[in-house]
Amino acid sequence: MALVFGALVLGRLGAADSAFNGRWRLDVPRSTALDGWTTWDLVVAVDGSKVSLQHDMTWGKTQESSTDVVDTAAPADVKDFFRVEQRHMAVYPRRGEKTHVTAKWLDDGRTLRVEAVAPIEISQGDRTMRLYQEYRLVEGDQDLVLIELHNTRNRPLVYRFKKVPAKAAKQ
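Chemist: Quick question: what am I supposed to make of the pairing of strand 2 (residues 39-47) here?
Modeler: Consecutive side chains along a regular strand alternate between the two faces of the sheet. Here strand 1 (residues 22-26) runs beside strand 2; their pairing, made up of four bridges, is antiparallel. Residue R25 lies in a different strand from strand 2, and its bridge partner there is D41. For strand 2 and strand 3 (residues 50-59), the ladder comprises nine bridges, and the chain directions are antiparallel. Bridged to V46 within strand 3 is V51. Counting the residues that bridge the hairpin from strand 2 to strand 3 gives two residues, and of these G48 lies at a positive phi of roughly 65°.

Chemist: What am I meant to see in the packing of aromatic side chains here?
Modeler: In the structure shown here, the tally under the stated rule is four aromatic pairs. When the centroid spacing of 5.2 Å and the interplanar angle of 55° are considered together, the rings of F20 and W105 count as tilted. Of this pair, F20 sits in the loop between helix 1 (2-16) and strand 1 while W105 is found in strand 7 (residues 99-106), placing the two residues 85 residues apart along the sequence. Ring geometry for W40 against Y159: centres 4.9 Å apart, planes inclined by 70°, an arrangement best described as edge-to-face. Taken together, the residues W40 in strand 2 and Y159 in strand 11 (residues 157-163) connect sequence positions 119 residues apart. Pair check on accessibility: W40 and Y159 agree, each one buried. In textbook terms, an aromatic cluster arises when at least three aromatic residues are bridged by ring pairs, as seen for W40, Y159 and F161.

Chemist: Even after reading the chapter, I still don't get the pairing of strand 10 (residues 143-150), so can you show me in this structure?
Modeler: Counted residue by residue, strand 10 has six buried out of eight residues, so it is predominantly covered. Pairing geometry for strand 9 (residues 125-138) and strand 10, over eight bridges, is antiparallel. Residue pairing for strand 10: Y135 is matched across the bridge by L146. In textbook terms, the turn of a hairpin is the stretch between consecutive antiparallel strands, and for strand 9 and strand 10 this stretch comprises four residues, one of which, E139, has a positive phi near 50°. Inspection of the sheet shows strand 10 paired to strand 11 by six bridges, in the antiparallel sense. For E148, the partnering residue across the bridge sits in strand 11 and is L157.

Chemist: Explain the pattern of salt bridges to me, please; I cannot follow it from the model alone.
Modeler: A side chain of one charge can pair with a side chain of the opposite charge when the charged atoms of the two come close. Taken as a whole and assessed by the stated rule, the structure comprises 13 salt bridges. R25 is the salt-bridge partner of D41, the closest N and O atoms lying 2.7 Å from each other. Linking D41 in strand 2 with R25 in strand 1, this pair joins segments that are 16 residues apart in sequence. Residue class for D41 comes out buried when judged on its relative accessible area of 9%.

Chemist: Any chance you could explain unusual backbone geometry here in plain terms?
Modeler: Glycine aside, residues mostly have negative phi, and peptide bonds are mostly found in the trans state. We note that D108 has phi near 55°; this positive angle belongs to a residue other than glycine. Relative accessible area serves as the criterion here: at 82%, D108 is assigned to the exposed category. Unlike most non-glycine residues, D141 shows phi in positive territory, near 65°. Tracing the sequence through the fold places D141 in the loop between strand 9 and strand 10.

Reading guide: rules and limits
- Residues numbered from 1 in each chain as written.
- Predicted model: local features only at pLDDT ≥ 70, side-chain atom pairs only at ≥ 80, totals over all residues.
- Heavy atoms only, no water.
- Pairing = 2+ DSSP bridges.
- Helix = DSSP H or I, 4+ residues; strand = E, 2+ residues; numbered from the N terminus.
- Phe/Tyr/Trp six-rings, centres within 6.5 Å; stacked < 30°, edge-to-face > 60°.
- Buried < 20%, exposed > 50% of the residue type's maximum accessible area, 1.4 Å probe, protein only.
- Salt bridge = Lys/Arg side-chain N within 4 Å of Asp/Glu carboxyl O.

Just geometry here; none of it tells us what the structure is for.
Next up, the structure:
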């Protein structure tokens, strides 16, 4: 029993010090095109089994900030699950419905896998989009790669982010 408690405490402390925590800025030349968006900051906060993924994006004078909270301990139904393509592709969340989301740590906590089944509304009617995302720490924990697969696309989307130093993130 003491061993299990100790593992839980260490796991929680490790999450608080996760290398994922902080602000990450999109490296545009090394990433899949954003098709309309000009900047994207991803702010990650790990708190126990919950991971907050805040998307701060701009498109000209338009600013968008949306946060998804995923739980690696249990699946959840999330209202307004953010998808990067939803605005410029006219692929919107179906009104009144939620996205079923599961998340899990892989590779000893170096990869966060998120799977989502999103009810969507498009000009051709209602559909369901399956998304698979991997957030991977690479290159000395100063780079983060987001690989995203959709059942509606033939090729993965790949976004590379650079860690923003804590001093610069506060400015």
